[in-house]
Each structure stands twice: as C-alpha cells, then as structure tokens.
Amino acid sequence: MNEEEKKVYMLLKAVIFHYHGLDEAEKQDLEDTSKGLDASAALTWALDFISKDYITAFDRARIYLNEIIGDYPKDKRVQLINMVWLANNLKGYVTEMEATAMLKLAKDWGVENELMAMVLQ
C-alpha cells in the first residue's frame, strides 16, 4: 500500500468514526490499523484533516476521497466500503449517522448496491 492509499484508508475510517463522535474502541481501532499498515503518518494527517473543522470534516473528506477513489477499480471501491462497514460493526452496531455517511460515499463511488448486499448479510 502506497502513502496515498494509506491516507485514503485512514481518512475514510477516521471520518466515519468521527461522524458521531469518536469513542475509545474506535480510537483504539484507528491506532491498531495505523500500526498494522505502518501508517502512523497517514493517521496523523487524517486526524489533522478532521480537526481543522469538525463540522465540515465529512463533506471535505467526501470531496477529497471522491477525487482519488473515482479512479479506483470497482472492486477496490467495494473493498474500502466493506472495510469501513466491518470496522463499524466491531462495536456490535452501526449508528444511523454512520450508515448514512457510508451510503453517501457508496453512492458517490457507484457501489451502493454492493454496500446494501453487505448490510443484508
């Protein structure tokens, strides 16, 4: 995974986790993921990106991610949505706000049907 991919991965996960407020389990998951991917710089970048303005963080991230992910092959876009879906399910549930955020991204990336299939499993 190159540095841009690490930034995408960490920003996507972090912005969804921050959508309703980051809890301790999510914070730990972000740290564990950054260690596993050797992506501590990408996590720091993502958290800085979000902290610049929490209110607009999702919309800004959506614009940033759409510019990059739009060029990704469909299977990679599905993989990213799947990753964030699974990460959110670690706590045993997905909030309505998180699900809405993921649906918006899936629609942007043309993988809405694939996300719905994951949800129904």
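Above this note sits the structure.
Our subject in this report is the structure included herewith. (Residues numbered from 1 in each chain as written. Predicted model: local features only at pLDDT ≥ 70, side-chain atom pairs only at ≥ 80, totals over all residues. Heavy atoms only, no water.)

### Remarks on helix 1 (residues 3-18)
Reasoning step 1: For helix 1, spanning 16 residues, the distance from its first C-alpha to its last is 22 Å, which sits close to the expected 22 Å at 1.5 Å a residue.
Reasoning step 2: Among the 16 residues in helix 1, 13 count as buried, and that is most of the element. (Helix = DSSP H or I, 4+ residues; strand = E, 2+ residues; numbered from the N terminus. Expected span 1.5 Å × (residues − 1). Buried < 20%, exposed > 50% of the residue type's maximum accessible area, 1.4 Å probe, protein only.)

### Structural notes on the packing of helix 3 (residues 40-51) against helix 4 (residues 57-69)
Reasoning step 1: Contact geometry for helix 3 and helix 4: axes closest at 8 Å, N-to-C directions at 125 degrees. Relative to helix 4, helix 3 is oriented oblique. Contact with helix 3, carried on its side by Trp45, Phe49 and Ile50, involves Ala57, Arg60, Ala61 and Tyr64 of helix 4 and no other residues of that element.
Reasoning step 2: Across the contact of helix 3 with helix 4, the residue classes break down as six nonpolar, no polar and one charged. (Axes fitted to C-alpha atoms, helices over the stretch in contact; angles between N-to-C directions. Parallel < 35°, antiparallel > 145°, perpendicular 65-115°, else oblique. Contact = heavy atoms within 4.5 Å. Nonpolar A, V, L, I, M, F, W, Y, C, P; charged D, E, K, R; others polar.)

### Overview of the pattern of salt bridges
Reasoning step 1: What the rule picks out here adds up to five salt bridges.
Reasoning step 2: Among the salt bridges present, the one from Asp108 reaches Arg62, with a minimum N-O distance of 2.5 Å. Here Arg62 lies in helix 4 and Asp108 lies in helix 6 (residues 96-108), a separation of 46 residues in the sequence.
Reasoning step 3: On the basis of relative accessibility, which here comes to 24%, the residue Arg62 falls in the partly exposed class. (Salt bridge = Lys/Arg side-chain N within 4 Å of Asp/Glu carboxyl O.)

### Quick notes on unusual backbone geometry
Reasoning step 1: Here Asp38, not a glycine, exhibits a phi torsion of approximately 50 degrees, which is positive.
Reasoning step 2: The exposure class assigned to Asp38 is exposed, which follows from its relative accessible area of 60%.

### So, helix 6
Reasoning step 1: The first and last C-alpha atoms of helix 6 sit 18 Å apart over 13 residues, in line with the 18 Å expected at 1.5 Å per residue.
Reasoning step 2: Among the residues making up helix 6, those that are buried are Glu98, Ala101, Met102, Leu105 and Ala106. End-on, the buried residues of helix 6 take up no more than an arc of 135 degrees, which puts them together on one face. Residues of helix 6 that are exposed and point over 90 degrees away from its buried face: Glu96 and Lys107.
Reasoning step 3: Next to the buried residues of helix 6 lie helix 1, helix 2 (24-36), helix 4, helix 5 (74-89) and helix 7 (112-120).
Reasoning step 4: Following helix 6 by one or two positions, Gly110 has its phi on the positive side, about 70 degrees. (Arc of directions from axis to C-beta.)

### Structural notes on the packing of helix 5 against helix 7
Reasoning step 1: Remark: helix 5 packs on helix 7, axes separated minimally by 10 Å, with the N-to-C direction vectors making an angle of 35 degrees. Our pair here, helix 5 against helix 7, has a crossing hand that is right-handed. Across from Lys74, Val78, Ile81, Asn82 and Trp85 in helix 5, the residues of helix 7 making contact are Glu114, Leu115, Met118 and Val119.
Reasoning step 2: Residues belonging to the contact of helix 5 with helix 7 are distributed by class as follows: six nonpolar, one polar and two charged. (Left-handed = near helix turned anticlockwise from the far one by under 90°.)

So, to be careful, I would describe these as geometric facts and stop short of saying anything about function.
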